[in-house]
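As a plain string of letters, each chain reads:
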Amino acid sequence: MYWPNGQKIVAAAQYVAKTDGLYAVYLSNFRCGPDSFIWHYVTEELKGKPFLHLEVDEHSADAGMVTRIEAFLDSLKGAEMNEKKEVTVFKPRPSPASPPKNRTLYFPYMHDGAYLIAAAARSIGVASEVLPKQTGEEIALGRKYTSSKECFPMICTTGSFLKKLMEPGADPSRMSFFMPDHNGPCRFGQYNQLHRVLFDRLGFKDAELITPSNDTSYQDIAGDHGQKFRINAWKGFVSFDYLRKIYRETRPYELNKGDSDVLYEASLRKLEHCIESGSKGLRKILAGIAHDFMAIPVDKSRRKPVVAVLGEIFMRDNAGCNGNIANRLEDLGVEVLIGPFSEWISYSTYRFTRDSRWRNDRKGVLKSKIQGVGQEVIVNYLIGGIKKFVDHEKDVSLHDMLRLSNKYVNEFYDGDPPIAIGSSVALASRGVSGMAAILPFTCMPGTLVASVSDSFRKDHNNIPFLNIPYDGQDTVSLDTKLQAFVFQVKEYAAATALTQLVSSHQ
Ligand code: SF4
């Protein structure tokens, strides 16, 4: 628990639990991010003792509060008369950072890059698989065992994990689930803690969670093989980002519907196979993929307006968990640019260096610097020669993102906001005509991005910027919002083209 107030709340609940005659009132605010997790731990600590949870918002009325307080006081009378029972309290407990050998490691689906990280794990001898893409079934299962107030990705991953654990014949003692640790400031680092409590509560205590930390840029994941795994996984992410980019730049222009989808799937399997075999010949495979995409018949006589899909990393390219945003936008007549996944790893490496420097940890600085340089070398080696086949003008360096974010969100705010806002600032002057920022409903960093997006828009010629809070409910209003957004994007693109034409003739 990295929130000091959360630590105090849980400690207070423990004190109340062991003190006769003392009861708790838990006051929280509607949509409070930390409370959505802390509440679970408090509920465990106070098992067997009534407590009152009052959640307030600006609409809360006195009458409702009074009724609930009266009901709570009544229930206390009953509780005093009841005999005390022994209860088992399920608490978060430490999980290993690297997977034990005799288990299959399951990765939750978050985008197709997940297949390549699982392949990288297999390349060092760790049996691993990607869990199926989330559907309504996983989401419903996740909701059943959570309060639905947690982050939407937490609900989706819970559903994926539990579905696997609940399969007939599943043996939890042979299963590990990948869920990285994080040191805040948002809720991500709480996922594995609450998953642990849920597993234990549901009787899956033998199932393991594998929780490498961002403190060391996830290098602990593969124990002795950490370096090899990390390099191979990085190659996988770089390859995946390239494949996704060339696919998204081809699909809206294809003459035979479905050509790009078929080639994309085949290319992804080739990459998976190559990464699993230690990445031998990867550069050649990528060059082949680039040429195959170039051979797809297209009509690129007129480039469609480009929309950047930014935002929360788990959701932005996860069709089952974001309402299939990318394809819906494309169907409305734009080209979609999805923020690369590798930027998150580069960002982790940058934070590893920065935090090591702050801690005066010279070894960490050196390690992270080598890691960063190594990553750059790999990118240049793999895609230096095939960059020309994609619109690489729109690649934004991490340095630029952080620098450009500062006007709206300080670069030291750790998480998605500096990346989303910094990219938006950079892309606004690189031919992008609109930004769609996906945010899980109640997402803390996402709310911050939404709150500064209006200032960003005003400073950038009113470029369309759509915040899409999503919680799995696909509504008609989302369709209407997307249509209105794409209309604005097209108007903006036309006006920008006209301005450029006029200035080129002056
Ligand atoms: S970024 Fe948002 S959705 Fe993701 S963990 Fe943080 S608060 Fe939750």
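As the structure is a prediction and not an experimental result, all values here were calculated from the model.

When you look at the overall build of the chain in this model, what are you seeing that I'm missing?
The helix and strand inventory of the chain stands at 18 helices and 10 strands. For 506 residues, the compact-globule formula gives about 23 Å, and the C-alpha radius of gyration of the chain, at 25 Å, lands near that figure. Seen through its C-alpha atoms, the chain measures out along the principal axes to roughly 85 × 55 × 50 Å. Sequence-distant contacts in the chain: of pairs separated by 6 or more residues, those separated by 24 or more amount to 74%.

Got a minute to help me understand the sheet that holds strand E4 (residues 128–130) in this structure?
The strands that make up a sheet are held in pairs by hydrogen bonds between backbone atoms, and each pair lies either parallel or antiparallel. Reading across the sheet, the four strands line up as E4-E3-E5-E6 and stay open at both edges, with parallel pairing between neighbours. At either end of the open sheet lies a strand with only one pairing partner, and these are E4 and strand E6 (208–210). In this sheet, adjacent strand axes meet at a mean angle of 30 degrees when their direction is disregarded. Taken together, the three bridges between strand E5 (residues 175–178) and E6 define a ladder with parallel strand orientation. Considered in E6, the bridge of Phe 177 is made with Leu 209.

What exactly am I supposed to notice about the packing of helix H10 (residues 282–294) against helix H14 (residues 362–383) here?
Helix-helix packing: each pair is described by the crossing angle between the helix axes and the interaxial distance. Here H10 crosses H14 at 50 degrees, and the two axes come no closer than 8 Å. When the axes of H10 and H14 are compared, the pair comes out oblique. Contact residues: Leu 282, Arg 283 and Leu 286 in H10; Tyr 381, Leu 382 and Ile 383 in H14. Grouping the amino acids of the contact of H10 with H14 by side-chain chemistry returns five nonpolar, no polar and one charged.

What is the right way to read the domain arrangement of the chain from this model?
In many analyses, interface size is given as the accessible surface area lost on bringing the parts together. If you check the domain split of the chain, you get domain 1 (4–81), domain 2 (104–216) and domain 3 (303–338 + 397–506). Computed from C-alpha atoms alone, the centre-to-centre distance between domain 1 and domain 3 is 40 Å.

Could you clarify how one ought to interpret the site of the ligand in this entry?
Lining the immediate surroundings of the ligand are 13 residues, of which Cys 151, Cys 186, Phe 188, Pro 440 and Cys 443 lie closest. Take the shell around the ligand: its biggest share by element is three residues, from helix H17 (residues 444–459). Of the residues that constitute the shell around the ligand, the class distribution is eight nonpolar, two polar and three charged. Taken domain by domain, the shell around the ligand gets at least three of its residues from each of domain 2 (104–216) and domain 3 (303–338 + 397–506).

Explanation requested: the sheet that holds strand E9 (residues 434–440) in the structure shown.
The sheet built from four strands is open, its strands ordered E8-E7-E9-E10 with parallel pairing. Lying at the two open borders of the sheet, with one neighbouring strand each, are strand E8 (335–338) and strand E10 (465–470). Between one strand axis and the next, the sheet turns by 25 degrees as a mean value, whatever way the strands run. Inspection of the sheet shows strand E7 (residues 306–311) paired to E9 by five bridges, in the parallel sense. Looking at the pairing, Leu 310 lines up with Ala 437 of E9.

Hey, could you run me through helix H5 (residues 136–144) in this one?
Within an α-helix, residues lying three or four positions from one another point in the same direction, as the helix has 3.6 residues per turn. Taken as a whole, H5 has its buried residues at Glu 138, Ile 139, Leu 141 and Gly 142. Taken around the axis of H5, the buried residues stretch over an arc of 160 degrees, which confines them to a single face. The exposed set on the far side of H5, more than 90 degrees from its buried face, consists of Gly 136, Glu 137 and Lys 144.

Any chance you could explain unusual backbone geometry here in plain terms?
A negative phi angle characterises most non-glycine residues, just as the trans form characterises most peptide bonds. The phi dihedral of Asn 360 is positive, around 60 degrees, even though this residue is not glycine. Of note, Asn 360 is situated in the loop between helix H13 (342–358) and H14. We note that Asn 462 has phi near 60 degrees; this positive angle belongs to a residue other than glycine. Tracing the backbone shows Asn 462 in the loop between H17 and E10. Residue classification places Asn 462 among the exposed positions, given that 11 C-beta atoms sit within 10 Å.

Looking at this model, I keep getting lost on the pairing of strand E2 (residues 51–56). Mind explaining?
The side chains of a regular strand alternate, residue by residue, between the two faces of the sheet. As defined by bridge partners, strand E1 (residues 24–29) adjoins E2 across six bridges and the pair is classed as parallel. Bridging across to E2, Ala 24 finds its partner in Phe 51. With helix H2 (residues 33–45) bridging E1 and the parallel E2, this β-α-β connection has right-handed handedness.

It is not clear to me how the nonpolar core should be interpreted in this structure. Could you clarify?
The tendency in soluble globular proteins is for nonpolar side chains to be buried as a group. Within the largest apolar cluster, 125 residues are counted, with the highest numbers of intra-cluster contacts made by Val 309 and Ala 436. Of the residues forming this core, the biggest block, 10 residues, is contributed by helix H8 (residues 226–250). Setting aside chain neighbours within four positions, we find Val 309 in contact with Arg 316, Ile 325, Ala 326, Val 336, Leu 337, Ile 338, Gly 339, Ala 436 and Ile 438.

Sorry if this is basic, but what is going on with the packing of helix H6 (residues 152–165) against helix H7 (residues 188–201) here?
Packing of H6 against H7 brings their axes to within 11 Å, and their N-to-C directions diverge by 40 degrees. It follows from the interaxial angle that H6 and H7 lie oblique. Between H6 and H7 lies a crossing of right-handed hand. For the pair formed by H6 and H7, the contact residues are Met 154, Thr 157, Thr 158 and Phe 161 on the first element and Tyr 191, Leu 194, His 195 and Leu 198 on the second. Of the residues belonging to the contact of H6 with H7, the class tally is five nonpolar, three polar and no charged.

Scoring rules and cut-offs
- Residues numbered from 1 in each chain as written.
- Predicted model: local features only at pLDDT ≥ 70, side-chain atom pairs only at ≥ 80, totals over all residues.
- Helix = DSSP H or I, 4+ residues; strand = E, 2+ residues; numbered from the N terminus.
- Rg over C-alpha atoms; globule rule 2.2 N^0.38 Å.
- Contact = placed C-beta atoms within 7 Å.
- Pairing = 2+ DSSP bridges.
- Axes fitted to C-alpha atoms, helices over the stretch in contact; angles between N-to-C directions.
- Parallel < 35°, antiparallel > 145°, perpendicular 65-115°, else oblique.
- Nonpolar A, V, L, I, M, F, W, Y, C, P; charged D, E, K, R; others polar.
- Domains from an automatic or database assignment.
- Near = placed C-beta within 6 Å.
- Buried ≥ 20, exposed ≤ 12 C-beta atoms within 10 Å, placed from the backbone.
- Arc of directions from axis to C-beta.
- Right-handed = clockwise from strand over helix to strand, strands pointing away.
- Core = buried A, V, L, I, M, F, W, Y, C linked by C-beta atoms within 7 Å.
- Left-handed = near helix turned anticlockwise from the far one by under 90°.

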